[in-house]
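Understanding the architecture of this molecule
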Amino acid sequence: MAISGAKNSALVVLAGSLLCSQSCRIRNIPSLVDVNRMLEVLLALGVKVTRDGSAVDIDATAIQHTRAPYDIVSRLRASFFVIGPLLARMGVARVPLPGGCEIGARPVELHVRGLQAMGADVHIDHGTVHAYVPGSRGRLKGARIYLDYPSVGATETLMMAATLADGETVIENAAQEPEVTDLANFCRAMGARIRGAGTNTITIAGVPSLHSTDYGIIPDRIEAGTFLVAGAITHSELTLSPVIPEHLTAVIAKLHEAGGQVISEGMNQLRYVPGDTIRPIDLQTGPFPGFPTDMQAQFMALMALCDGNSLITETVFENRLRHVAELNRMGADIRLNGNCAIIKGVSHLSGAPVLATDLRASAALVLAGLAANGTTVLEGLQHLDRGYECLEAKFKQLGAQIVRRSASATAEAVISV
Ligand code: UD1
(Lines give C-alpha, C1' and ligand atoms only; values in the text may rest on other atoms or scores of the structure.)
Protein backbone atom coordinates (compact mmCIF):
# COMPACT_ATOMS: atom_id res chain seq x y z
CA MET A 1 0.00 0.00 0.00
CA ALA A 2 1.40 3.38 -1.01
CA ILE A 3 1.49 6.07 1.67
CA SER A 4 0.95 9.65 0.48
CA GLY A 5 2.90 12.75 1.44
CA ALA A 6 2.21 14.13 4.92
CA LYS A 7 -0.78 16.49 5.03
CA ASN A 8 0.56 18.51 7.95
CA SER A 9 3.99 18.90 6.32
CA ALA A 10 2.48 19.84 2.99
CA LEU A 11 0.36 22.59 4.54
CA VAL A 12 3.16 24.26 6.45
CA VAL A 13 5.78 23.80 3.73
CA LEU A 14 3.42 25.44 1.21
CA ALA A 15 3.01 28.39 3.59
CA GLY A 16 6.80 28.40 4.10
CA SER A 17 7.35 28.79 0.36
CA LEU A 18 6.25 32.42 0.86
CA LEU A 19 9.63 32.99 2.51
CA CYS A 20 11.44 32.36 -0.76
CA SER A 21 12.07 35.25 -3.12
CA GLN A 22 12.59 32.79 -6.00
CA SER A 23 10.41 29.90 -7.18
CA CYS A 24 10.31 26.52 -5.40
CA ARG A 25 9.21 23.05 -6.42
CA ILE A 26 7.62 20.97 -3.65
CA ARG A 27 7.10 17.29 -4.38
CA ASN A 28 5.01 14.53 -2.79
CA ILE A 29 2.10 16.90 -2.09
CA PRO A 30 -1.06 14.85 -1.45
CA SER A 31 -4.23 15.69 -3.31
CA LEU A 32 -6.49 16.80 -0.45
CA VAL A 33 -9.16 19.41 0.18
CA ASP A 34 -6.96 21.06 2.86
CA VAL A 35 -4.05 21.33 0.42
CA ASN A 36 -6.32 22.90 -2.20
CA ARG A 37 -7.42 25.47 0.36
CA MET A 38 -3.83 26.35 1.24
CA LEU A 39 -3.08 26.79 -2.47
CA GLU A 40 -6.15 29.09 -2.68
CA VAL A 41 -4.68 31.22 0.13
CA LEU A 42 -1.37 31.49 -1.74
CA LEU A 43 -3.20 32.46 -4.94
CA ALA A 44 -5.15 35.10 -3.01
CA LEU A 45 -1.84 36.59 -1.87
CA GLY A 46 -0.90 36.98 -5.54
CA VAL A 47 1.58 34.10 -5.64
CA LYS A 48 1.91 31.96 -8.80
CA VAL A 49 0.99 28.31 -8.25
CA THR A 50 1.39 25.54 -10.84
CA ARG A 51 0.44 21.93 -10.16
CA ASP A 52 2.17 19.06 -11.91
CA GLY A 53 0.80 15.79 -10.49
CA SER A 54 1.99 15.56 -6.91
CA ALA A 55 4.52 18.37 -7.45
CA VAL A 56 3.62 22.03 -6.94
CA ASP A 57 5.66 24.97 -8.22
CA ILE A 58 5.31 28.11 -6.15
CA ASP A 59 6.64 31.39 -7.41
CA ALA A 60 6.44 33.91 -4.58
CA THR A 61 8.99 36.28 -6.14
CA ALA A 62 6.35 38.98 -5.87
CA ILE A 63 3.76 38.79 -3.09
CA GLN A 64 0.93 41.12 -4.16
CA HIS A 65 -1.24 41.12 -1.03
CA THR A 66 -0.58 40.77 2.69
CA ARG A 67 -4.16 40.02 3.78
CA ALA A 68 -5.34 36.42 3.91
CA PRO A 69 -9.03 36.12 2.95
CA TYR A 70 -11.45 35.23 5.77
CA ASP A 71 -13.55 32.82 3.69
CA ILE A 72 -10.54 30.50 3.21
CA VAL A 73 -8.90 30.91 6.64
CA SER A 74 -12.24 30.09 8.31
CA ARG A 75 -12.32 26.76 6.41
CA LEU A 76 -8.64 25.85 6.97
CA ARG A 77 -7.07 26.58 10.34
CA ALA A 78 -3.60 25.82 8.99
CA SER A 79 -3.83 28.82 6.67
CA PHE A 80 -3.02 30.93 9.76
CA PHE A 81 0.55 29.68 9.12
CA VAL A 82 1.02 32.37 6.46
CA ILE A 83 1.32 35.00 9.21
CA GLY A 84 4.96 34.08 10.01
CA PRO A 85 6.32 34.10 6.43
CA LEU A 86 4.30 37.21 5.44
CA LEU A 87 5.57 39.15 8.41
CA ALA A 88 9.17 38.02 7.89
CA ARG A 89 9.18 38.80 4.19
CA MET A 90 6.84 41.80 3.88
CA GLY A 91 6.96 43.32 7.38
CA VAL A 92 3.15 43.21 7.51
CA ALA A 93 0.42 40.56 7.66
CA ARG A 94 -3.31 40.60 8.20
CA VAL A 95 -4.75 37.17 8.91
CA PRO A 96 -8.22 36.44 10.32
CA LEU A 97 -8.26 34.52 13.61
CA PRO A 98 -8.90 30.91 12.63
CA GLY A 99 -11.38 30.31 15.47
CA GLY A 100 -12.17 26.99 17.11
CA CYS A 101 -12.98 23.75 15.34
CA GLU A 102 -14.60 20.37 15.96
CA ILE A 103 -11.85 19.23 18.36
CA GLY A 104 -11.34 22.31 20.52
CA ALA A 105 -10.93 26.08 20.93
CA ARG A 106 -7.43 26.10 19.43
CA PRO A 107 -6.15 29.53 20.46
CA VAL A 108 -3.09 31.15 18.79
CA GLU A 109 -1.74 33.27 21.66
CA LEU A 110 1.58 31.38 21.65
CA HIS A 111 2.12 32.33 17.98
CA VAL A 112 1.19 35.95 18.72
CA ARG A 113 3.36 36.28 21.85
CA GLY A 114 6.37 34.85 20.00
CA LEU A 115 5.96 37.28 17.10
CA GLN A 116 5.69 40.15 19.59
CA ALA A 117 8.91 38.98 21.26
CA MET A 118 10.53 39.27 17.82
CA GLY A 119 9.52 42.94 17.64
CA ALA A 120 6.20 42.71 15.79
CA ASP A 121 3.37 45.02 16.70
CA VAL A 122 0.31 42.78 16.88
CA HIS A 123 -3.28 43.70 17.60
CA ILE A 124 -6.56 41.95 17.02
CA ASP A 125 -9.33 44.00 15.48
CA HIS A 126 -12.69 42.81 14.08
CA GLY A 127 -11.53 39.18 14.30
CA THR A 128 -8.35 39.75 12.30
CA VAL A 129 -4.76 39.63 13.56
CA HIS A 130 -2.97 42.74 12.29
CA ALA A 131 0.78 42.38 12.58
CA TYR A 132 3.51 44.69 11.36
CA VAL A 133 7.16 45.28 12.04
CA PRO A 134 7.84 48.90 13.07
CA GLY A 135 10.84 50.71 11.56
CA SER A 136 11.90 51.48 8.03
CA ARG A 137 13.54 48.12 7.31
CA GLY A 138 10.54 46.10 8.43
CA ARG A 139 12.61 43.18 9.70
CA LEU A 140 11.86 41.04 12.73
CA LYS A 141 14.55 40.70 15.40
CA GLY A 142 15.91 37.45 16.79
CA ALA A 143 14.65 36.64 20.30
CA ARG A 144 14.72 33.96 22.96
CA ILE A 145 11.22 32.47 23.15
CA TYR A 146 9.98 29.92 25.66
CA LEU A 147 6.73 28.22 24.64
CA ASP A 148 4.41 27.42 27.57
CA TYR A 149 3.34 24.33 25.61
CA PRO A 150 5.23 22.65 22.74
CA SER A 151 2.65 23.75 20.17
CA VAL A 152 3.31 22.41 16.67
CA GLY A 153 1.76 25.42 14.95
CA ALA A 154 3.48 28.03 17.17
CA THR A 155 6.88 26.35 16.73
CA GLU A 156 6.40 26.32 12.95
CA THR A 157 5.14 29.93 12.77
CA LEU A 158 8.05 31.23 14.84
CA MET A 159 10.66 29.13 13.06
CA MET A 160 9.49 30.48 9.69
CA ALA A 161 9.39 34.06 10.99
CA ALA A 162 12.92 33.72 12.41
CA THR A 163 14.54 32.51 9.18
CA LEU A 164 14.60 36.09 7.78
CA ALA A 165 14.96 37.98 11.08
CA ASP A 166 17.97 40.04 12.12
CA GLY A 167 20.05 37.93 14.51
CA GLU A 168 19.46 34.66 16.33
CA THR A 169 16.19 33.21 17.61
CA VAL A 170 16.04 30.39 20.13
CA ILE A 171 12.72 28.55 20.58
CA GLU A 172 12.66 26.65 23.86
CA ASN A 173 10.15 23.93 24.71
CA ALA A 174 9.66 23.63 20.95
CA ALA A 175 7.47 20.94 19.39
CA GLN A 176 9.50 17.93 18.18
CA GLU A 177 7.00 16.51 15.68
CA PRO A 178 8.49 15.14 12.41
CA GLU A 179 6.56 17.81 10.46
CA VAL A 180 8.50 20.53 12.35
CA THR A 181 11.75 18.84 11.28
CA ASP A 182 10.45 18.55 7.71
CA LEU A 183 9.70 22.28 7.64
CA ALA A 184 13.17 23.02 9.04
CA ASN A 185 14.75 20.82 6.34
CA PHE A 186 12.74 22.63 3.66
CA CYS A 187 13.84 26.02 4.99
CA ARG A 188 17.45 24.80 5.18
CA ALA A 189 17.24 23.63 1.57
CA MET A 190 16.38 27.28 0.75
CA GLY A 191 19.44 28.51 2.69
CA ALA A 192 17.97 29.05 6.17
CA ARG A 193 20.28 28.43 9.14
CA ILE A 194 18.38 26.23 11.59
CA ARG A 195 19.77 23.86 14.24
CA GLY A 196 18.04 21.57 16.68
CA ALA A 197 14.76 20.85 14.85
CA GLY A 198 13.45 17.57 16.24
CA THR A 199 14.70 18.48 19.74
CA ASN A 200 13.05 20.80 22.26
CA THR A 201 15.41 23.71 21.49
CA ILE A 202 15.58 25.15 17.99
CA THR A 203 18.09 27.85 17.07
CA ILE A 204 17.62 29.93 13.95
CA ALA A 205 20.23 32.39 12.67
CA GLY A 206 18.42 34.84 10.40
CA VAL A 207 19.64 35.28 6.81
CA PRO A 208 18.84 38.16 4.40
CA SER A 209 16.96 36.03 1.85
CA LEU A 210 16.19 32.45 0.83
CA HIS A 211 16.76 30.83 -2.55
CA SER A 212 15.01 28.39 -4.85
CA THR A 213 14.84 24.68 -4.02
CA ASP A 214 13.29 21.38 -5.06
CA TYR A 215 12.04 19.58 -1.97
CA GLY A 216 10.10 16.34 -1.35
CA ILE A 217 8.05 16.14 1.84
CA ILE A 218 7.95 13.16 4.23
CA PRO A 219 5.35 10.36 4.07
CA ASP A 220 2.23 10.78 6.19
CA ARG A 221 2.78 9.00 9.52
CA ILE A 222 -0.90 9.34 10.45
CA GLU A 223 -2.10 7.76 7.20
CA ALA A 224 0.42 4.94 7.74
CA GLY A 225 -0.76 4.53 11.35
CA THR A 226 -4.39 4.41 10.20
CA PHE A 227 -3.61 1.57 7.77
CA LEU A 228 -1.65 -0.32 10.45
CA VAL A 229 -4.75 -0.16 12.66
CA ALA A 230 -6.82 -1.35 9.67
CA GLY A 231 -4.59 -4.43 9.60
CA ALA A 232 -5.07 -4.94 13.33
CA ILE A 233 -8.85 -4.46 13.40
CA THR A 234 -9.47 -6.78 10.42
CA HIS A 235 -6.79 -9.33 11.46
CA SER A 236 -5.07 -8.86 8.11
CA GLU A 237 -1.47 -8.79 7.05
CA LEU A 238 -0.46 -5.72 5.04
CA THR A 239 2.62 -3.91 3.82
CA LEU A 240 3.07 -0.13 3.70
CA SER A 241 5.65 2.08 2.02
CA PRO A 242 7.12 4.61 2.00
CA VAL A 243 7.14 5.15 5.75
CA ILE A 244 9.73 6.45 8.21
CA PRO A 245 9.44 3.92 11.06
CA GLU A 246 10.95 6.31 13.67
CA HIS A 247 7.99 8.62 13.11
CA LEU A 248 5.68 5.82 14.28
CA THR A 249 7.53 4.58 17.37
CA ALA A 250 4.68 5.17 19.84
CA VAL A 251 2.04 3.77 17.46
CA ILE A 252 4.12 0.66 16.73
CA ALA A 253 4.77 0.09 20.44
CA LYS A 254 1.02 0.18 21.16
CA LEU A 255 0.24 -2.16 18.26
CA HIS A 256 2.77 -4.65 19.66
CA GLU A 257 1.14 -4.31 23.08
CA ALA A 258 -2.21 -5.02 21.42
CA GLY A 259 -0.83 -8.31 20.12
CA GLY A 260 0.21 -7.56 16.53
CA GLN A 261 3.65 -7.40 15.04
CA VAL A 262 4.99 -4.48 13.01
CA ILE A 263 8.09 -5.53 11.12
CA SER A 264 10.53 -3.08 9.49
CA GLU A 265 11.51 -4.26 6.03
CA GLY A 266 14.40 -2.18 4.79
CA MET A 267 14.59 1.56 5.32
CA ASN A 268 11.07 2.60 4.44
CA GLN A 269 8.66 -0.33 4.51
CA LEU A 270 6.56 -1.75 7.33
CA ARG A 271 4.65 -5.03 7.42
CA TYR A 272 1.80 -5.61 9.86
CA VAL A 273 1.25 -9.18 11.01
CA PRO A 274 -1.86 -9.74 13.17
CA GLY A 275 -1.86 -11.67 16.45
CA ASP A 276 -4.53 -14.19 17.55
CA THR A 277 -6.53 -11.69 19.60
CA ILE A 278 -6.63 -7.93 20.15
CA ARG A 279 -5.25 -7.32 23.64
CA PRO A 280 -6.43 -4.34 25.73
CA ILE A 281 -4.06 -1.38 26.13
CA ASP A 282 -3.99 1.92 27.99
CA LEU A 283 -2.71 4.98 26.22
CA GLN A 284 -2.41 8.70 26.75
CA THR A 285 -1.93 11.19 23.92
CA GLY A 286 0.87 13.75 24.14
CA PRO A 287 3.30 15.84 22.13
CA PHE A 288 5.84 13.89 20.01
CA PRO A 289 7.50 11.50 20.78
CA GLY A 290 4.36 10.73 22.81
CA PHE A 291 1.35 8.96 21.36
CA PRO A 292 -0.17 11.21 18.63
CA THR A 293 -3.60 12.68 19.28
CA ASP A 294 -4.21 12.23 15.54
CA MET A 295 -4.19 8.42 16.11
CA GLN A 296 -6.38 8.38 19.23
CA ALA A 297 -9.74 7.83 17.51
CA GLN A 298 -8.42 5.00 15.31
CA PHE A 299 -7.01 3.19 18.37
CA MET A 300 -10.33 3.62 20.13
CA ALA A 301 -12.05 1.75 17.29
CA LEU A 302 -9.48 -1.03 17.71
CA MET A 303 -9.86 -1.17 21.50
CA ALA A 304 -13.65 -1.40 21.09
CA LEU A 305 -12.98 -4.95 19.85
CA CYS A 306 -10.25 -5.96 22.28
CA ASP A 307 -10.31 -8.84 24.70
CA GLY A 308 -10.67 -6.86 27.98
CA ASN A 309 -10.78 -3.26 29.24
CA SER A 310 -8.74 -0.32 27.95
CA LEU A 311 -8.28 3.29 29.00
CA ILE A 312 -7.59 6.10 26.55
CA THR A 313 -6.72 9.57 27.89
CA GLU A 314 -6.77 12.57 25.54
CA THR A 315 -4.50 15.33 26.85
CA VAL A 316 -3.87 17.47 23.75
CA PHE A 317 -7.32 18.68 22.63
CA GLU A 318 -10.26 19.26 24.95
CA ASN A 319 -13.04 18.05 22.65
CA ARG A 320 -11.63 15.12 20.78
CA LEU A 321 -13.80 12.25 21.97
CA ARG A 322 -16.98 12.85 19.97
CA HIS A 323 -16.50 9.59 18.07
CA VAL A 324 -17.35 7.69 21.28
CA ALA A 325 -21.09 8.16 20.76
CA GLU A 326 -20.85 6.98 17.15
CA LEU A 327 -18.75 3.91 18.05
CA ASN A 328 -21.32 3.07 20.76
CA ARG A 329 -24.06 3.21 18.10
CA MET A 330 -22.16 0.39 16.39
CA GLY A 331 -22.25 -1.72 19.56
CA ALA A 332 -19.08 -0.57 21.31
CA ASP A 333 -19.13 -0.24 25.11
CA ILE A 334 -17.29 3.00 25.87
CA ARG A 335 -17.89 5.32 28.82
CA LEU A 336 -16.56 8.84 29.08
CA ASN A 337 -15.16 10.39 32.23
CA GLY A 338 -13.78 13.85 31.47
CA ASN A 339 -10.93 13.41 29.01
CA CYS A 340 -10.78 9.63 29.59
CA ALA A 341 -12.57 6.91 27.65
CA ILE A 342 -13.10 3.62 29.45
CA ILE A 343 -13.50 0.92 26.85
CA LYS A 344 -14.93 -2.54 27.55
CA GLY A 345 -14.01 -4.70 24.59
CA VAL A 346 -16.97 -6.37 22.84
CA SER A 347 -16.92 -9.49 20.64
CA HIS A 348 -18.30 -7.74 17.58
CA LEU A 349 -19.52 -4.41 16.21
CA SER A 350 -22.58 -4.12 14.01
CA GLY A 351 -22.83 -1.93 10.94
CA ALA A 352 -24.95 1.20 11.41
CA PRO A 353 -25.49 4.66 9.93
CA VAL A 354 -22.86 6.90 11.58
CA LEU A 355 -21.77 10.52 11.34
CA ALA A 356 -18.19 11.70 11.00
CA THR A 357 -17.52 14.48 13.52
CA ASP A 358 -13.94 15.37 12.53
CA LEU A 359 -11.12 14.14 10.30
CA ARG A 360 -9.60 11.39 12.45
CA ALA A 361 -12.99 10.40 13.91
CA SER A 362 -14.13 9.68 10.36
CA ALA A 363 -11.11 7.42 9.83
CA ALA A 364 -11.96 5.60 13.07
CA LEU A 365 -15.53 5.01 11.87
CA VAL A 366 -14.26 3.62 8.56
CA LEU A 367 -12.02 1.22 10.52
CA ALA A 368 -14.93 0.21 12.75
CA GLY A 369 -17.07 -0.27 9.63
CA LEU A 370 -14.47 -2.57 8.09
CA ALA A 371 -14.57 -4.82 11.16
CA ALA A 372 -18.33 -4.64 11.86
CA ASN A 373 -20.91 -7.23 10.90
CA GLY A 374 -23.12 -5.88 8.11
CA THR A 375 -23.03 -2.54 6.39
CA THR A 376 -22.00 0.80 7.85
CA VAL A 377 -23.03 4.04 6.16
CA LEU A 378 -20.71 6.90 7.04
CA GLU A 379 -21.99 10.42 6.50
CA GLY A 380 -19.90 13.58 6.52
CA LEU A 381 -17.14 12.62 4.12
CA GLN A 382 -16.06 16.25 3.87
CA HIS A 383 -14.00 15.56 7.01
CA LEU A 384 -12.33 12.48 5.50
CA ASP A 385 -11.52 14.30 2.27
CA ARG A 386 -9.58 16.94 4.18
CA GLY A 387 -6.86 14.51 5.11
CA TYR A 388 -6.90 11.11 3.36
CA GLU A 389 -5.90 10.82 -0.29
CA CYS A 390 -7.89 8.20 -2.27
CA LEU A 391 -9.00 6.44 0.92
CA GLU A 392 -11.68 4.27 -0.69
CA ALA A 393 -9.40 3.25 -3.57
CA LYS A 394 -6.64 2.29 -1.14
CA PHE A 395 -8.99 0.25 1.06
CA LYS A 396 -10.49 -1.43 -2.01
CA GLN A 397 -6.97 -2.38 -3.06
CA LEU A 398 -6.62 -4.10 0.33
CA GLY A 399 -9.83 -6.07 -0.32
CA ALA A 400 -12.39 -3.95 1.55
CA GLN A 401 -15.89 -3.36 0.22
CA ILE A 402 -16.29 0.37 0.34
CA VAL A 403 -18.14 2.63 -2.06
CA ARG A 404 -18.81 6.34 -2.18
CA ARG A 405 -22.46 6.91 -2.92
CA SER A 406 -21.98 10.19 -4.77
CA ALA A 407 -19.10 12.37 -5.80
CA SER A 408 -20.16 15.28 -3.58
CA ALA A 409 -18.12 16.10 -0.51
CA THR A 410 -21.00 15.51 1.84
CA ALA A 411 -21.60 12.08 0.33
CA GLU A 412 -21.79 8.85 2.29
CA ALA A 413 -19.46 5.88 2.19
CA VAL A 414 -20.98 2.41 2.45
CA ILE A 415 -18.61 0.02 4.17
CA SER A 416 -19.24 -3.67 4.55
CA VAL A 417 -17.44 -6.98 4.76
C1 UD1 B 1 -1.07 20.36 14.72
C2 UD1 B 1 -1.61 19.44 13.63
C3 UD1 B 1 -2.73 18.56 14.19
C4 UD1 B 1 -2.26 17.82 15.44
C5 UD1 B 1 -1.67 18.81 16.44
C6 UD1 B 1 -1.07 18.11 17.67
C7 UD1 B 1 -1.26 20.75 11.63
C8 UD1 B 1 -1.88 21.47 10.48
N9 UD1 B 1 -2.11 20.24 12.54
O10 UD1 B 1 -2.14 21.23 15.09
O11 UD1 B 1 -3.10 17.61 13.19
O12 UD1 B 1 -3.36 17.16 16.04
O13 UD1 B 1 -0.63 19.58 15.83
O14 UD1 B 1 -0.12 17.19 17.27
O15 UD1 B 1 -0.07 20.60 11.68
N16 UD1 B 1 -2.48 25.75 21.99
C17 UD1 B 1 -2.69 26.84 22.80
N18 UD1 B 1 -2.25 28.05 22.37
C19 UD1 B 1 -1.60 28.23 21.17
C20 UD1 B 1 -1.39 27.10 20.35
C21 UD1 B 1 -1.84 25.87 20.79
O22 UD1 B 1 -3.27 26.73 23.87
O23 UD1 B 1 -1.23 29.37 20.85
C24 UD1 B 1 -3.00 24.43 22.44
C25 UD1 B 1 -4.09 23.90 21.49
O26 UD1 B 1 -5.34 24.45 21.77
C27 UD1 B 1 -4.03 22.41 21.77
C28 UD1 B 1 -2.54 22.18 22.05
O29 UD1 B 1 -1.98 23.46 22.34
O30 UD1 B 1 -4.78 22.08 22.91
C31 UD1 B 1 -1.80 21.58 20.88
O32 UD1 B 1 -1.95 22.40 19.75
P33 UD1 B 1 -0.84 22.53 18.61
O34 UD1 B 1 0.32 21.67 18.91
O35 UD1 B 1 -0.62 23.98 18.37
O36 UD1 B 1 -1.62 21.92 17.36
P37 UD1 B 1 -1.81 22.55 15.95
O38 UD1 B 1 -0.53 23.15 15.46
O39 UD1 B 1 -3.04 23.39 15.93
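Residues numbered from 1 in each chain as written. Predicted model: local features only at pLDDT ≥ 70, side-chain atom pairs only at ≥ 80, totals over all residues. Heavy atoms only, no water.

**Some words on the state of the cysteines**
The line we're drawing: Pairs of cysteine sulfur atoms within 2.5 Å are identified as disulfides in what follows. Under the scheme applied here, a residue whose accessible area is under 20% of the maximum for its type counts as buried, over 50% as exposed, and between as partly exposed, the area being computed with a 1.4 Å probe on protein chains only.
Under the criterion given, the structure shown has zero disulfides. Of all cysteine sulfurs in the structure, the one in Cys-24 sits closest to Cys-20, which takes part in no disulfide; the separation is 3.6 Å. Just so you know, Cys-340 is unpaired, no disulfide at all, and the nearest cysteine sulfur is the one on Cys-306, 16 Å from it. Given a relative accessible area of 19%, Cys-340 falls into the buried group.

**Let's talk about the site of the ligand**
For clarity, the cut-off: Working definition: residue near molecule or strand if any one of its non-hydrogen atoms lies within 4 Å of it. The definition of a polar contact used here is a pair of N or O atoms within 3.5 Å, where within protein one atom must be able to donate a hydrogen and the other to accept one, and adjacent residues in sequence count solely through side-chain atom pairs. Shrake-Rupley sampling with a 1.4 Å probe provides the accessible areas, and residues are treated as covered by the protein chains on show and by no other component. Numbering goes from the N terminus for both helices and strands, where a helix is a DSSP run of H or I of at least four residues and a strand is a run of E of at least two. For this classification, Asp, Glu, Lys and Arg are treated as charged, while Ala, Val, Leu, Ile, Met, Phe, Trp, Tyr, Cys and Pro are nonpolar and the rest, including Gly, are polar.
Of all residues adjacent to the ligand, which total 18 residues, the nearest are Ser-151, Val-152, Gly-153, Asp-294 and Val-316. Here an oxygen atom of the ligand and a backbone polar atom of Val-152 are 2.8 Å apart. Relative to its unbound accessible area of 740 Å², the ligand is 85% covered by the protein chains. Listing elements by their share of the shell around the ligand, those giving two or more residues are α5 (109–117) and α6 (152–163). Top element by residues in the shell around the ligand is α5. It accounts for three residues. Along the lines of polarity and charge, the residues of the shell around the ligand split into eight nonpolar, five polar and five charged.

**Quick word on the packing of helix α1 (residues 7–16) against helix α7 (residues 178–189)**
As a reminder, the rule being used: Convention adopted: a line fitted to C-alpha atoms gives each axis, helices being fitted over their contacting stretch, and angles between N-to-C directions are expressed from 0 to 180 degrees. In these notes the angle categories are as follows: under 35 degrees is roughly parallel, over 145 is roughly antiparallel, 65 to 115 is roughly perpendicular, and the rest is oblique. Crossing handedness follows the turn of the near helix against the far one: under a right angle anticlockwise gives a left-handed crossing, and clockwise gives a right-handed one. Residues count as neighbours in contact if any of their non-hydrogen atoms are within 4.5 Å of one another.
Where α1 contacts α7, the two axes come as close as 9 Å, and the packing angle between them is 30°. The orientation of α1 relative to α7 falls into the category roughly parallel. In the crossing of α1 with α7, the sense of the turn from one axis to the other is right-handed. Taken together, the residues of α7 that come into contact with α1 (itself represented by Asn-8, Ser-9, Val-12, Val-13 and Gly-16) are Glu-179, Asp-182, Leu-183 and Phe-186.

**Quick notes on the domain arrangement of the chain**
Inclusion rule: Where each domain begins and ends follows an automated or database-derived domain assignment. We define buried area as the total accessible area lost by two parts upon association, computed with a 1.4 Å probe and summed across both. For this document, the term salt bridge refers to a Lys or Arg side-chain nitrogen within 4 Å of an Asp or Glu carboxyl oxygen.
Structurally, the chain comprises domain 1 (7–216) and domain 2 (221–416). On a C-alpha basis, the centres of domain 1 and domain 2 stand 31 Å from each other. Both faces considered, domain 1 and domain 2 share a buried interface measuring about 1700 Å² in area, 53% of it formed by carbon and sulfur atoms. Between the two partners, domain 1 and domain 2, sit two salt bridges. At the junction of domain 1 with domain 2, the criterion picks out five residue pairs in polar contact (both at pLDDT 80 or more). Elements that contribute at least two residues to the side of domain 1 that touches domain 2 include exactly α1, α2 (33–44) and α7.

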